[in-house]
Amino acid sequence: MPDNPSLDISVIVPVFNEEENLPELLRRLNLVMEKQDKTYELIFVDDGSSDGSVKLLKDLMLKIPRVKLVKLSRNFGQHAAIFAGFSQSQGEAVITLDADLQNPPEEIPKLIHKMAEGYDVVGGYREYRQDSILRKIPSWFVARITSRLVKVKLKDYGCMLRAYKRAIVLEMLESGGSQTYIPALANYIAGSVAEIPVKHEARHKGESKYSLLRLLHLNFDLMTSFSLLPIQLVG
Ligand code: UDP
Ligand code: MG
């Protein structure tokens, strides 16, 4: 990742078998980004998809020069995919969002405006979250525990509609932990963090890529990355 950014904004989208969602996502993303008076790129990171996502993205890349594709050799997980996107990004601000339209692209301008106030990181919190109660309750606990671990209190650590200043992204890349939970790592590094309400929609098409086991794994990684307590308990 070069030190001197050549664009205003990079938008990074991790993609794992999202062929049904990509055309609508790109249509809405383009509409939103074209209205901003900013230079930008849209980086899609294919995280080992086995459906038609890669072909679709390759076709889009040929048609629209602002679209870039980073293709991972296999499935590494959402956060590792975003890290790969970070390493190829050229924007002064870097925005992440999910591919399934649960994070409406129309909310991106809110993040950009908030960031212009001088924040290092701007996170969205899902005011009316369109997920099952079985996802919402654990998230509430994770947000409280993570707030303590990284010493930055947020209502929502799970929302991936977020914006980061380039300096923070560079710092995250240097920390080398591509398995780390990005919102927590960013807040651990950042000097100033804002959290703003954003809309949340039900998944447009397809199913969540997280089984209960994968969710547990992700959250366990999060806990062990920022605290010695688990290993102390084992000791
Ligand atoms: N994703 C990914 N790699 C994975 C799992 C998910 O790149 O191993 C992407 C996925 O395609 C989507 C985002 O991460 O863009 C969030 O995944 P999902 O919507 O399944 O998570 P949920 O909303 O259920 O938390
Ligand atoms: Mg989702």
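Rules and cut-offs
- Residues numbered from 1 in each chain as written.
- Chains lettered and ligands numbered in written order.
- Predicted model: local features only at pLDDT ≥ 70, side-chain atom pairs only at ≥ 80, totals over all residues.
- Heavy atoms only, no water.
- Near = heavy atom within 4 Å.
- Polar contact = N/O pair within 3.5 Å; in protein donor to acceptor, adjacent residues only side chain to side chain.
- Areas by Shrake-Rupley, 256 points an atom, 1.4 Å probe, with all protein chains shown as cover.
- Nonpolar A, V, L, I, M, F, W, Y, C, P; charged D, E, K, R; others polar.
- Axes fitted to C-alpha atoms, helices over the stretch in contact; angles between N-to-C directions.
- Helix = DSSP H or I, 4+ residues; strand = E, 2+ residues; numbered from the N terminus.
- Parallel < 35°, antiparallel > 145°, perpendicular 65-115°, else oblique.
- Contact = heavy atoms within 4.5 Å.
- Buried < 20%, exposed > 50% of the residue type's maximum accessible area, 1.4 Å probe, protein only.
- Donors = N, O, S within 2.8 Å, 3.2 Å for Na, K, Ca; no water.
- Pairing = 2+ DSSP bridges.
- Salt bridge = Lys/Arg side-chain N within 4 Å of Asp/Glu carboxyl O.

1. Concerning the site of ligand 1
With respect to spatial proximity, 18 residues lie near ligand 1, and among them Glu18, Asp47, Arg135, Ser208 and Lys209 are the closest. For ligand 1, an oxygen atom lies 2.6 Å from a polar atom in the side chain of glutamate 18. A distance of 3.4 Å separates a nitrogen atom of ligand 1 from a polar atom in the backbone of glutamine 78. Out of a free accessible area of 530 Å², ligand 1 has 95% covered by protein chains. Residues of the shell around ligand 1, tallied by class, amount to five nonpolar, five polar and eight charged.

2. A closer look at the packing of helix H3 (residues 78-88) against helix H7 (residues 182-189)
At a minimum axis separation of 10 Å, H3 and H7 run at an interaxial angle of 55 degrees. Judged on the interaxial angle alone, H7 and H3 are oblique. Across the interface between the two elements, His79, Ile82, Phe83 and Phe86 from H3 touch Ile182, Pro183 and Leu185 from H7. Of the residues assigned to the contact of H3 with H7, the class counts are six nonpolar, one polar and no charged.

3. A word on the environment of lysine 35
Along the chain, lysine 35 turns up in helix H1 (residues 22-35). On the accessibility criterion, lysine 35 (71% relative accessible area) is exposed. On a C-alpha basis, the gap between lysine 35 and serine 211 in space is 37 Å, while along the polypeptide they are 176 residues apart.

4. Observations regarding the coordination of the magnesium ion (ligand 2)
Coordination of the magnesium ion (ligand 2) by the protein involves Asp100 (OD) and Gln102 (OE1), with metal-donor separations of 2.0 to 2.1 Å. The exposure classification of aspartate 100 matches that of glutamine 102, with both residues buried.

5. As for H7
Extensive coverage of H7 is indicated by the burial of six of its eight residues. Here H7 has its buried residues at Ile182, Pro183, Ala184, Leu185, Ala186 and Asn187.

6. Some words on the pairing of strand S4 (residues 91-96)
Buried residues dominate S4, accounting for five of its six residues. Here five bridges tie strand S1 (residues 7-15) to S4, and the two strands are oriented parallel to one another. Within S4, the position partnered with valine 11 by the bridge is isoleucine 95. With four bridges connecting them, S4 and strand S6 (residues 162-165) associate as antiparallel partners.

7. Here we look at the pattern of salt bridges
In the structure shown here, the tally under the stated rule is 13 salt bridges. Arginine 203 is paired through a salt bridge with aspartate 100; the nearest N and O atoms lie 3.3 Å apart. Taken together, the positions of arginine 203 in the loop between strand S7 (193-198) and helix H8 (212-226) and aspartate 100 in the loop between S4 and helix H4 (108-115) put the pair 103 residues apart, joining distant regions of the chain. Here arginine 203 falls in the buried class, since its relative accessible area comes to 19%.

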